[in-house]
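Chains, contacts and geometry: an overview
Each chain, written out:
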Amino acid sequence: MTLPYTGADAMVHMLQLNGVKHIFGLCGDTSLPFYDAMARIDHGMDHILTRDERSAAYMADAYARVTDRVGVCEGPSGGGATYLLPGLVEANESSVAVLGITSDVSVGARGKFPLTELDQQALYRPLTKWNTTIDRVDQIPHAVRSAFRAMTTGRPGAAHICLPYDVQKHALDEADVWAQPGHGQFPAYRSAPDPAAVEDAAQRLVAARSPVLICGGGVVIAGATAELDALATLLNAPVCTTVSGQGSLANTHPLNAGVVGTNGGVESTRAVVAQADLVLFIGARAGSTTTEHWQMPSRQVSILHLDVDPMTIATNYRTDVALVGDAKLGLAALHAAVQARITRRPAGAADGVALAARARADKQAFFAPLAASLERPIRPERVVGLLNRLLPAKAIVVADPGTPCPYFSAYFDAPQAGRHFITNRAHGALGFSLAAGFGAAVGQPDSVVVSVMGDGSFGFTCGELETVVRRGVPLKMIVFSNSVYGWIKASQKTGYGERYFSVDFNRTDHARVAEAFGVKAWRVENPADLESALKAALAHDGPALVDVISQELQDTAVPVSQWMG
Ligand SMILES: Cc1ncc(C[n+]2csc(CCOP(=O)(O)OP(=O)(O)O)c2C)c(N)n1
């Protein structure tokens, strides 16, 4: 007997037709028809079972960031839908194309108190770029097409499709199951800024005494690193990045002056922005972290802003020229327009290479002695310094909030432009990097991927070590073990008179936990042993974890200029 073609079949085929290769998810009652279709159909997609829907979404997020393809995650109704949510929120706010599929109670059971019922569409509405509930089976192909179109065009973002149980079993006509080529990757289309605005901006860039470029995540998402390099070099302008904008230029590029802002920014990079007479924001939102709560750059500086999303422009700064468009096309157009005008720089023009070199040298002068320190507990600087030396050029570091984010933002020296650093800066939820690192490693199996987490984050996410081992992904993991929610303790130290309240917890032996899951692990207390442990972990041909007994964050020289207080 041939089975009818069902809604579940159509969902599987629609994902396949959009070029999906991996789906991260966790099973549930209302997802059974979808799972059965996945089992029956020869679709070539790999379903990766996770131990928590939050992880599935974080995996899909980092997978999308390293492949530029839509990341797909799925979970069941009720609890599954609530757990999938954090990853979709992060992806949406970080302009990453992630599709979340939640199964749901049957349409026919709505309102009758079926187990797990929840208004999933309402739950996701404010948090996704596109969101729908399927009411009838024949809506599935169109809904999936709309979701992919929404995720990959304009400013990329997350989409959610709620797929009721009974609809998955209903029959439909296969003829409507088709996908638009190109909507599986982002950005699917590129639009260029208004040529008149480009001319205006070019004129100001050429006339500026000291233009500084500040890049957000948009440059790497648009694949605009070569165009950025060309424009900055032509102008001899230093390039700063936000935390998410790391990789816009190689960290070792002569014009890279480093990360700006409260989280990872250091005094010497701040000085580069402070002396600018013009700032060009590129693919950046100019939010609180980047601009030190809208103080840096100052209001006196001329502002140009290139972004694919017009709603980011002039949100925080009165803007002299708005360039609405894709970063790759926009930077290429600016380069052409500047080249046509630039004969000589204005009198007294700053030397961008010298400014960036000074910023990097000053930073290094502060960092190097701390990285060499044999103090106990181990200084975070030592971990970053060793990884800078030991990691291959193609490595990807995925950092959690707490110790990892500011330390790696300030001091990690990726020698290549592109996606070599990932962190969840939109919402900064703890417990991101282990799962995200796994997703990155699935998306880019040729790269060494290192997840760097605080022990607080480890506690959120360690169940996923089973997934890492089951799937044989050679993820490298580093835990900063300091038995404290250090970021908050540091805020209590600076802003609340050292009245420490409910921030300390017991030390866990993370290496033994990892070993119990089958992960090769090292526990390092002596700073002199750190290099050999990291080398062994990197050389190991499977997953490996190094548990570093490290300074409490509030006692460190962390590059954070402002705590909450
Ligand atoms: C889900 C979630 N809850 C609470 C916070 C608030 N928060 C920010 S940093 C931090 C402490 C991080 O502790 P840990 O991971 O141990 O790293 P450390 O700061 O000690 O280096 C907390 C609780 C958060 N970011 N995410």
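Before reading further, recall that the structure is shown in the block above.
This text gives an overview of the structure that appears in the document. Computed from a prediction, not measured in an experiment: that's the story for all the values here.

With respect to the nonpolar core
For soluble globular proteins, the rule of thumb is that nonpolar side chains tend to be buried together. Grouped together as the largest cluster of nonpolar side chains are 83 residues, with contacts concentrated most on Met11, Leu15, Phe24, Leu99 and Ile140. Per-element accounting of this core gives the leading share, nine residues, to helix α3 (residues 53–67). Of the residues that make up this core, three or more belong to each of domain 1 (5–176) and domain 3 (373–563). Those residues in contact with Ile140 that sit more than four places away from it in its chain are Gly7, Ala10, Met11, Ile134, Leu163 and Val167. Residues Val243, Leu386, Ala414 and Val452 belong to the second largest nonpolar core, which totals 40 residues.

What to know about the packing of aromatic side chains
Geometrically, a pair of aromatic rings is defined through the distance of the ring centres and the angle of the planes. A full pass over the atoms with the stated rule returns eight aromatic pairs. Ring centres of Tyr58 and Phe432 lie 5.1 Å apart, and the angle between their planes is 70°; this geometry places the pair in the edge-to-face category. Here Tyr58 is found in helix α3, whereas its partner Phe432 is found in the loop between β14 (421–423) and α16 (433–443), with 374 residues between them in sequence. Across the pair, exposure class does not vary: Tyr58 and Phe432 are buried alike. Judged by centre distance (6.2 Å) and plane angle (55°), the ring pair of Phe408 and Phe412 falls under tilted. Summarising the burial analysis for this pair, Phe408 and Phe412 share the class buried. Members of the aromatic cluster, each reached through a chain of ring pairs, are Phe367, Tyr407 and Tyr411. In this structure, Arg299 is placed above the aromatic ring of Tyr317, and the distance from its NZ or CZ to the ring centre is 4.6 Å. The ring of Tyr500 carries Lys489 above its face, with NZ or CZ at 4.8 Å from the centroid.

Digging into the environment of Ala333
If you trace the backbone, Ala333 turns up in helix α12 (residues 327–341). We classify Ala333 as partly exposed; its relative accessible area is 26%. Note: C-alpha distance between Ala333 and Pro114 (219 residues apart in sequence) is 57 Å.

Describing the site of the ligand
Within the structure, the ligand sits among 17 residues, and Thr403, Gly428, Gly456, Val484 and Gly486 are positioned closest to it. Note that a nitrogen atom of the ligand is positioned 2.7 Å from one of the backbone N or O atoms of Gly428. In the model, an oxygen atom of the ligand is placed 2.8 Å from a nitrogen or oxygen of the Gly486 main chain. Against a free-state accessible area of 590 Å², the protein chains account for coverage of 78% of the ligand. Examining the composition of the shell around the ligand, we find that four residues originate from one element, helix α17 (residues 455–461), more than from any other.

A word on the environment of Met59
Structurally, Met59 is set in helix α3. Put simply, Met59 and Ala333 are 274 residues apart on the chain and 35 Å apart in space, counted from C-alpha to C-alpha. If we skip the residues at most four places from it in the chain, Met59 touches Phe24, Thr50, Ala435, Ala436, Phe438, Gly439, Glu464 and Thr467.

Parameters at a glance
Residues numbered from 1 in each chain as written. Predicted model: local features only at pLDDT ≥ 70, side-chain atom pairs only at ≥ 80, totals over all residues. Heavy atoms only, no water. Core = buried A, V, L, I, M, F, W, Y, C linked by side-chain atoms within 4.5 Å. Buried < 20%, exposed > 50% of the residue type's maximum accessible area, 1.4 Å probe, protein only. Helix = DSSP H or I, 4+ residues; strand = E, 2+ residues; numbered from the N terminus. Domains from an automatic or database assignment. Contact = heavy atoms within 4.5 Å. Phe/Tyr/Trp six-rings, centres within 6.5 Å; stacked < 30°, edge-to-face > 60°. Lys NZ or Arg CZ within 6 Å of the ring centre and 35° of its normal. Near = heavy atom within 4 Å. Polar contact = N/O pair within 3.5 Å; in protein donor to acceptor, adjacent residues only side chain to side chain. Areas by Shrake-Rupley, 256 points an atom, 1.4 Å probe, with all protein chains shown as cover.

The values are spatial; any link to function lies outside them.
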